[in-house]
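An overview of the molecular structure
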Amino acid sequence: MATEKIVLAYSGGLDTSVLIKYLQEKYDVDVITVTVDVGQQEDIKAAEEKTKKLGVYKHFSIDAKDEFAENYIFPAIKANALYEGKYPISTSLSRPLIAKKMVQIAQKEDATGLAHGCTGRGNDQVRFDITLGSLAQDKKILAPVREWGMTREEEIAYAKAKGIHVSEAAKKYSIDASVWGRAIECGLLEDANNEPPEDAYEWTVAPEKAPDKPEIVTLKFEAGVPVAINGKTMKPLELIMEMNKIAGKHGVGRIDHIEDRLVGIKSREVYECPAATAILEAHKDLEKMVMTRHEVLFKQKIDAEWVFLAYAGLWVDPLKDDLDAFINKSQENVTGEVKLKLYKGGLQVIGRSSPMSLYDKNLANYNIKTSFNQSYSKGFIELWGLQTRMYNALKQADKKGKAKKP
Ligand code: ARG
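Below you will find a few notes about this structure. (Residues numbered from 1 in each chain as written. Predicted model: local features only at pLDDT ≥ 70, side-chain atom pairs only at ≥ 80, totals over all residues. Heavy atoms only, no water.)

Re the overall build of the chain
- Secondary structure assignment for the chain yields 15 helices and 14 strands.
- Projected onto its principal axes, the C-alpha coordinates of the chain cover approximately 85 × 60 × 45 Å.
- Out of the 406 residues in the chain, the part that is buried amounts to 49%.
- For the chain, the proportion of contacts with a sequence separation of at least 24, taken over those separated by at least 6, is 73%.
- Summing over all exposed atoms, the chain offers an accessible surface of approximately 21000 Å²; the carbon and sulfur share of this is 53%. (Helix = DSSP H or I, 4+ residues; strand = E, 2+ residues; numbered from the N terminus. Buried < 20%, exposed > 50% of the residue type's maximum accessible area, 1.4 Å probe, protein only. Contact = heavy atoms within 4.5 Å. Areas by Shrake-Rupley, 256 points an atom, 1.4 Å probe, with all protein chains shown as cover.)

Section: the packing of aromatic side chains
- Taken as a whole and assessed by the stated rule, the structure comprises 10 aromatic pairs.
- Through successive ring pairs, a cluster of aromatic residues spans F68, Y72, W306 and W315.
- Lying over the aromatic face of Y201, R254 brings its terminal NZ or CZ to 3.7 Å of the ring centre.
- Residue placement shows K320 over the ring face of W315; its charged tip is 3.8 Å from the ring centre. (Phe/Tyr/Trp six-rings, centres within 6.5 Å; stacked < 30°, edge-to-face > 60°. Lys NZ or Arg CZ within 6 Å of the ring centre and 35° of its normal.)

Describing the sheet that holds strand 1 (residues 5-9)
- Here we have five strands laid out as an open sheet, ordered 3-2-1-4-5, and parallel in their pairing. In this open sheet, the two strands that pair with only one neighbour each are strand 3 (58-63) and strand 5 (140-142). Neighbour to neighbour, the strand axes of the sheet diverge by 25 degrees on average, direction disregarded.
- Where strand 1 and strand 4 (residues 113-115) come together, three bridges link them in parallel fashion. (Pairing = 2+ DSSP bridges. Axes fitted to C-alpha atoms, helices over the stretch in contact; angles between N-to-C directions.)

Focus on the pattern of salt bridges
- Counted by the stated rule, this structure contains 32 salt bridges.
- A salt bridge links D212 to K344; the shortest N-O distance between them is 2.9 Å. Residue D212 is located in the loop between strand 7 (181-185) and strand 8 (215-222), and its partner K344 is located in the loop between strand 13 (336-343) and strand 14 (346-353); the two are separated by 132 residues in the primary sequence.
- Under the relative-accessibility criterion, K344 is labelled partly exposed at 26%.
- Put simply, K320 and D324 hold a salt bridge, and the shortest N to O gap is 2.8 Å. Remark: D324 and K320 occur in helix 12 (residues 318-330); sequence separation between them is four residues, near one turn of the helix. Per residue, the accessibility class of K320 equals that of D324, and both read buried. (Salt bridge = Lys/Arg side-chain N within 4 Å of Asp/Glu carboxyl O.)

Some points on the side chain of S330
- Its location among the elements puts S330 in helix 12.
- Here the side chain of S330 touches I327 through a polar contact of 2.6 Å, landing on its backbone oxygen.
- Only 3.0 Å separates the side chain of S330 from the side chain of Q331, close enough to count as a polar contact.
- What S330 contacts, discounting residues up to four positions off in sequence, is M291 and K299. (Polar contact = N/O pair within 3.5 Å; in protein donor to acceptor, adjacent residues only side chain to side chain.)

Looking at the site of the ligand
- Near the ligand, the surroundings consist of 14 residues, among which Y87, N123, R127, E185 and E259 are the closest.
- In the environment of the ligand, an oxygen atom lies 2.7 Å from a nitrogen or oxygen atom belonging to the side chain of N123.
- In the environment of the ligand, a nitrogen atom lies 3.3 Å from a nitrogen or oxygen atom belonging to the side chain of D124.
- Coverage of the ligand by the protein chains reaches 87% of its 340 Å² of free accessible surface. (Near = heavy atom within 4 Å.)

Things to note about the environment of D285
- Considering the arrangement of structural elements, one finds D285 in helix 10 (residues 274-290).
- Residue class for D285 comes out buried when judged on its relative accessible area of 15%.
- Considered as a pair, D285 and F372 are 87 residues apart in the sequence and their alpha carbons are 24 Å apart.
- Those residues within four positions of D285 in sequence are excluded, and the remaining contacts are V349 and R352.

Some points on helix 1 (residues 14-27)
- Spanning 14 residues, helix 1 covers 19 Å between terminal C-alpha atoms, matching the ideal 20 Å at 1.5 Å per step.
- Its maximal kink placed at K21, helix 1 deviates by approximately 25 degrees.
- Within helix 1, 11 of the 14 residues are buried, which leaves it mostly tucked inside the rest of the structure.
- The complete set of buried residues in helix 1 reads L14, D15, T16, S17, V18, L19, I20, K21, Y22, L23 and Q24. (Expected span 1.5 Å × (residues − 1). Bend = angle between axes of the 7 residues up to and from the residue.)

Some words on the nonpolar core
- Membership of the largest hydrophobic core comes to 81 residues, with the highest contact counts inside it found for I89, W180, I279 and W306.
- No other element matches helix 10, which puts nine residues into this core.
- Core analysis: the second largest hydrophobic core is formed by 23 residues, Y22, V31, L142 and I156 among them. (Core = buried A, V, L, I, M, F, W, Y, C linked by side-chain atoms within 4.5 Å.)

Description of the state of the cysteines
- As enumerated under the stated definition, the model contains zero disulfides in all.
- No disulfide involves C186; its nearest neighbouring cysteine sulfur is the one of C118, lying 14 Å away.
- Between C273, a cysteine without a disulfide, and C186, which holds the nearest cysteine sulfur, the sulfur-to-sulfur distance is 17 Å.
- The class for C273 is buried, based on a relative accessible area of 0%. (Disulfide = S-S within 2.5 Å.)

Focus: the pairing of strand 3
- As judged from the six bridges shared by strand 2 (residues 30-37) and strand 3, these two strands associate in the parallel manner. Across the sheet, I32 pairs through a bridge with K58, a residue of strand 3.

Remarks on the environment of R389
- Tracing the backbone shows R389 in helix 15 (residues 386-399).
- In this structure R389 comes out as partly exposed when scored by relative accessible area, which is 40%.
- Among all residues touching R389, those that are not within four sequence positions of it are I381 and E382.

Structure below.
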């Protein structure tokens, strides 16, 4: 038995498998592995088996799927969370939850340190270090991958030498998933100009191979969160999983964009987030039906700040809670139904309804008979454009050399 116990976030993948051996040999510590199931659809049992072969001191598999859906994904839906307008932060959201579970185990097992397998180039190190450091101030944080300087090829060689099984997929791509989406990195994808090969995707079919008939899905929201699909009420996790299936079948949710990492690197990121793409689109649409213009425009700023904090590893910063308080209040009326049409990779909102709707057909219609009093408009425009007209009057006078110089 070694003198120290270290809790390691273990995914079952290449980096963290190599890390078990590395911690045992180079740091001479007992390794306690924790695998947190956030709906990554990877074999949690297989990861557990692997840890036995790698001689860990203890292993914990934690099913946190429901907690993840309710306390991490649902707030993200309310905040319309899309980083740089594209990425539903499916990886970012899972980090503070995994960190929280690691800390709970470390306290229970009286471990002295917490370890993760993040590189020094990515965002995940920021998320783990800040959350772990905030929740467990008395424990040290180890990030050996940041220091060991092995290339992926060297890691694969190290794994082979230590008898660690390396999957075919791991040789090709680096994958990270949660029930909110799947991130695919490395290999051919590093050339930002290469179309992602079909084998990078697992949750979505190629739009070309999607059904020839469109599918219409009705999503029901209550106070800002989805509660039913096509009239069938579901629990948060179940609903997200079902939406992943439906949208994935139609090739909806593939994302390919250039993303700004916190450490300044621009990276080409490929994701498949079928449920997130569909649910966020529907939610945004419904908000616009029930919120006042002032709310809609102000909330866009709050949403942008919220998603930045969540992406940037500041989940446990008090500002995130402050924004949550505003966002939760703003969702009280976000109740209603949104109709989505899915077809060959495309997603469109084709209808929406709400008991709290501010859309009034009677006001917006093109008929002469409307309750909107058009005679008010003249005076409104007079005041609305007052300064604009004044400015243009000055500008035109100036051109003719008539304006007085100050
Ligand atoms: N760029 C994304 C993020 O920072 C995805 C990262 C995927 N992580 C990984 N270890 N493969 O959230």
